[in-house]
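Each chain, written out:
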Amino acid sequence: MDKMEKFFTTRKRFPAFSLCIHIERRNSAVHSHMSLSGKTVLVTGAAGYIGSHTCLQLLKEECKVIAYDNLDNSSFESLERVKRLSGGNGNLMTSIEGDILDGEKLDEVFEANEIFAVIHFAGLKAVGESVSKPLRYYENNINGTVVLLKSMVKAKCKSIIFSSSATVYGEPKTVPCTEEFETSALNPYGKTKLFIEHILTDQHASDNEWNCLILRYFNPVGAHPSGEIGEDPKGIPNNLMPFVQQVAVGRRPELSVFGTDYDTKDGTGRRDYIHVVDLADGHVAALKKIAKENGKCGRIVVNLGTGKSTSVLELVGAFEKAAGKKIPMKMVARRPGDAAEVYAKTDLAYEILGWRAEKTIEECCVDQWNWASKNPYGYSGKED
Ligand code: NAD
Ligand code: UDP
């Protein structure tokens with residue numbers, strides 16, 4: 001038996017040994033002294049919800065951050081607050097107002113900086129709007145990504161971390177969703193995510209020096225525990241948590257619960273809600289993976305979720321407890337296209353990135369309420 005065979009036989013016979021390996025892997029990835037200090041990262045869509053939380057975690061790692069955003073769905077106020085929260089590292093971040101469709105501007109950014117990797121959040125994300133304005137979504141999300149990749153090719157920057165979504169699992173036949181599940185898309189937004197995944201796969205196939213880390217987020221919620229940064233949706237929120245938040249601060253009279261007749265414990269839909277700071281840390285882990293493998297990760301697809309699901313009524317209950325107030329609810333029909341239950345299989349993220357979500361749904365609600373009560377009308381302080 002050669003060394004490798006012996007290793008795997010031991011693993012099979014002694015599961016506890018496997019556990020040790022996982023712990024070791026986790027330590028080697030997350031708790032390692034793999035330093036990102038001084039590495040320059042271009043973050044597109046940096047001023048948005050997930051982007052701003054990720055910029056903060058990057059600054060804590062002493063990365064140099066180039067925050068690039070066209071401010072279509074955000075303002076630089078989020079990043080001013082990030083600077084203040086960064087414990088003196090705010091001067092490591094430069095904010096640039098720019099569009100990912102503007103190749104010349106991106107070329108200038110790449111020429112002026114030695115960029116280690118790109119974290120690509122920029123995109124439009126409202127499912128309903130994508131149905132009424134599909135061309136806006138295809139142009140912004142797909143063309144924008146192609147323009148960005150072309151600038152990366154010119155600059156020989158070959159590492160990208162991309163914000164994909166559990167939406168690419170369509171209506172999964174079973175749960176938890178594993179990365180091998182068949183993919184499909186139910187709307188133009190989902191199609192843009194799926195197609196960008198294909199584009200990245202093809203780009204990697206054309207040049208295997210590319211590192212394409214495709215992260216499929218489940219349901220990001222919560223806010224930084226300081227209550228200084230959080231989600232600030234424009235108009236009527238599509239998603240459950242921001243809607244609950246707006247009911248809690250008096251901006252909406254009641255929550256409509258979409259469907260109470262699902263085949264779930266309490267009849268309402270179940271989702272995998274992941275704290276946005278955990279999600280941001282997932283990006284840091286992905287960046288460390290690229291740094292650790294010295295740019296030889298290839299194409300990787302991983303779920304970023306908690307591996308647990310929570311029903312609409314359970315989430316509302318946890319929020320009511322955090323806020324100390326009742327959320328008025330109205331039971332209505334199912335929302336078309338909604339699956340009963342969606343949650344992630346998380347083993348691969350743990351194995352490959354040494355990352356897993358730590359925060360509970362209760363912590364998500366406490367942090368969401370802290371942000372909401374301090375900023376009931378978001379960053380602008382007034383109704384849109
Ligand atoms: P967000 O709208 O808060 O942030 C996206 C940012 O991208 C915004 O600041 C916006 O101004 C910017 N942007 C949009 N088009 C741009 C362009 N052409 N050029 C430059 N900047 C542009 O959204 P978010 O929740 O932070 O999501 C970030 C990414 O994660 C998106 O790609 C989204 O599709 C994806 N995602 C989000 C969720 C979620 O529930 N929040 C779930 C899965 C995937
Ligand atoms: N939901 C709801 N009322 C709302 C928004 C959402 O009952 O105003 C439900 C929805 O049917 C689903 C869950 O909350 O079961 C999460 O919905 P969200 O849109 O946040 O995430 P997605 O369905 O896209 O995963």
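Everything discussed here concerns the structure shown above.
These numbers come from a predicted model, not from an experiment.

### Observations concerning the packing of helix α5 (residues 103-112) against helix α7 (residues 134-155)
And then number 1: Contact geometry for α5 and α7: axes closest at 9 Å, N-to-C directions at 35°. In the crossing of α5 with α7, the sense of the turn from one axis to the other is right-handed. Of the residues in α7, those touching α5 at Gly103, Leu106, Asp107 and Phe110 are Val147, Leu148, Ser151, Met152, Lys154 and Ala155.
And then number 2: Residues that form the contact of α5 with α7 fall into these classes: six nonpolar, two polar and two charged.

### Some points on the pairing of strand β3 (residues 93-97)
And then number 1: Of the pairings in the sheet, the one linking strand β2 (residues 64-69) to β3 comprises five bridges and is parallel in character. Of the residues in β3, the one forming a bridge with isoleucine 66 is threonine 94.

### Focus: the site of ligand 2
And then number 1: Every one of the 14 residues lining ligand 2 counts as a neighbour, but Leu240, Ser256, Phe258, Arg335 and Asp338 are closest to it.
And then number 2: For ligand 2, a nitrogen atom lies 2.7 Å from a polar atom in the backbone of serine 256.
And then number 3: One of the side-chain nitrogen or oxygen atoms of arginine 271 is found 2.9 Å away from an oxygen atom of ligand 2.
And then number 4: Relative to its free-state accessible area of 510 Å², ligand 2 is covered by the protein chains to the extent of 87%.
And then number 5: At four residues, the largest contribution of residues to the shell around ligand 2 is made by strand β8 (residues 255-258).
And then number 6: Counted by class, the shell around ligand 2 contains six nonpolar, five polar and three charged residues.

### Some points on the state of the cysteines
And then number 1: As enumerated under the stated definition, the model contains zero disulfides in all.
And then number 2: The structure places no disulfide on cysteine 297, whose sulfur is separated from the nearest cysteine sulfur, that of cysteine 212, by 9.8 Å.
And then number 3: Since its relative accessible area comes to 12%, cysteine 297 is described here as buried.

### A look at the pairing of β8
Working note: regular strand, side chains alternate between the two faces of the sheet.
And then number 1: Here β8 shows one buried face, formed by Leu255 and Val257, and one open face, formed by Ser256 and Phe258.
And then number 2: Across four bridges, the pairing between β8 and strand β13 (residues 329-332) is parallel. Paired with phenylalanine 258 across the bridge in β13 is valine 332.

### What to know about the site of ligand 1
And then number 1: The immediate surroundings of ligand 1 are formed by 26 residues, with Asp69, Asn73, Ser74, Lys125 and Tyr189 found nearest.
And then number 2: Residue tyrosine 49 places a main-chain N or O atom 2.9 Å away from an oxygen atom belonging to ligand 1.
And then number 3: The contact in question runs from an oxygen atom of ligand 1 to an N or O atom on the backbone of phenylalanine 121, over 2.8 Å.
And then number 4: Coverage of ligand 1 by the protein chains reaches 95% of its 810 Å² of free accessible surface.
And then number 5: Of all the secondary-structure elements, those providing two or more residues to the shell around ligand 1 are α3 (49-60), β5 (159-165) and α8 (188-206).
And then number 6: Residues belonging to the shell around ligand 1 are distributed by class as follows: ten nonpolar, eleven polar and five charged.

### Considerations on the packing of α3 against helix α10 (residues 276-292)
And then number 1: Across the interface, α3 lies against α10 with an axial gap of 8 Å and an inter-helix angle of 60°. Put simply, α3 runs oblique to α10. As for the relative orientation of α3 and α10, their crossing is right-handed in sense. Between α3, through Tyr49, Ile50, His53, Thr54, Gln57 and Leu58, and α10, the contact on the second element is made entirely by Val276, Val277, Leu279, Ala280, Asp281, His283, Val284 and Leu287.
And then number 2: Residue composition of the contact of α3 with α10, by class: nine nonpolar, four polar and one charged.

### Remarks on the side chain of threonine 54
And then number 1: Position of threonine 54 among the secondary structure elements: in helix α3.
And then number 2: Judged by its relative accessible area of 0%, threonine 54 is buried.
And then number 3: Excluding residues within four positions of it along the chain, threonine 54 makes contact with Ile119, Phe121, Ala280 and His283.

### What about α7?
And then number 1: Along its 22 residues, α7 runs 31 Å from first to last C-alpha, staying within 8% of the 32 Å computed at 1.5 Å per residue.
And then number 2: Inspection of α7 places Tyr137, Asn140, Asn141, Ile142, Gly144, Thr145, Val147, Leu148, Leu149, Ser151 and Met152 among the buried residues, and these make up the whole buried set.
And then number 3: Residues of α7 that are buried make contact with β1 (40-44), α5, β4 (115-120), α6 (127-132), β5 and α8.
And then number 4: Downstream of α7 by one or two residues, lysine 156 has phi in the positive range, about 60°.

### Details of helix α9 (residues 240-248)
And then number 1: Here α9 lies mainly inside the structure; nine of its nine residues are buried.
And then number 2: The set of residues buried in α9 consists of Leu240, Met241, Pro242, Phe243, Val244, Gln245, Gln246, Val247 and Ala248.
And then number 3: On its buried side, α9 packs onto β7 (219-221), β8, β10 (273-275), α11 (312-323) and α13 (361-374).

Conventions adopted
Residues numbered from 1 in each chain as written. Chains lettered and ligands numbered in written order. Predicted model: local features only at pLDDT ≥ 70, side-chain atom pairs only at ≥ 80, totals over all residues. Heavy atoms only, no water. Axes fitted to C-alpha atoms, helices over the stretch in contact; angles between N-to-C directions. Helix = DSSP H or I, 4+ residues; strand = E, 2+ residues; numbered from the N terminus. Left-handed = near helix turned anticlockwise from the far one by under 90°. Contact = heavy atoms within 4.5 Å. Nonpolar A, V, L, I, M, F, W, Y, C, P; charged D, E, K, R; others polar. Pairing = 2+ DSSP bridges. Near = heavy atom within 4 Å. Polar contact = N/O pair within 3.5 Å; in protein donor to acceptor, adjacent residues only side chain to side chain. Areas by Shrake-Rupley, 256 points an atom, 1.4 Å probe, with all protein chains shown as cover. Disulfide = S-S within 2.5 Å. Buried < 20%, exposed > 50% of the residue type's maximum accessible area, 1.4 Å probe, protein only. Parallel < 35°, antiparallel > 145°, perpendicular 65-115°, else oblique. Expected span 1.5 Å × (residues − 1).

By themselves, these are just geometric observations and shouldn't be taken as functional.
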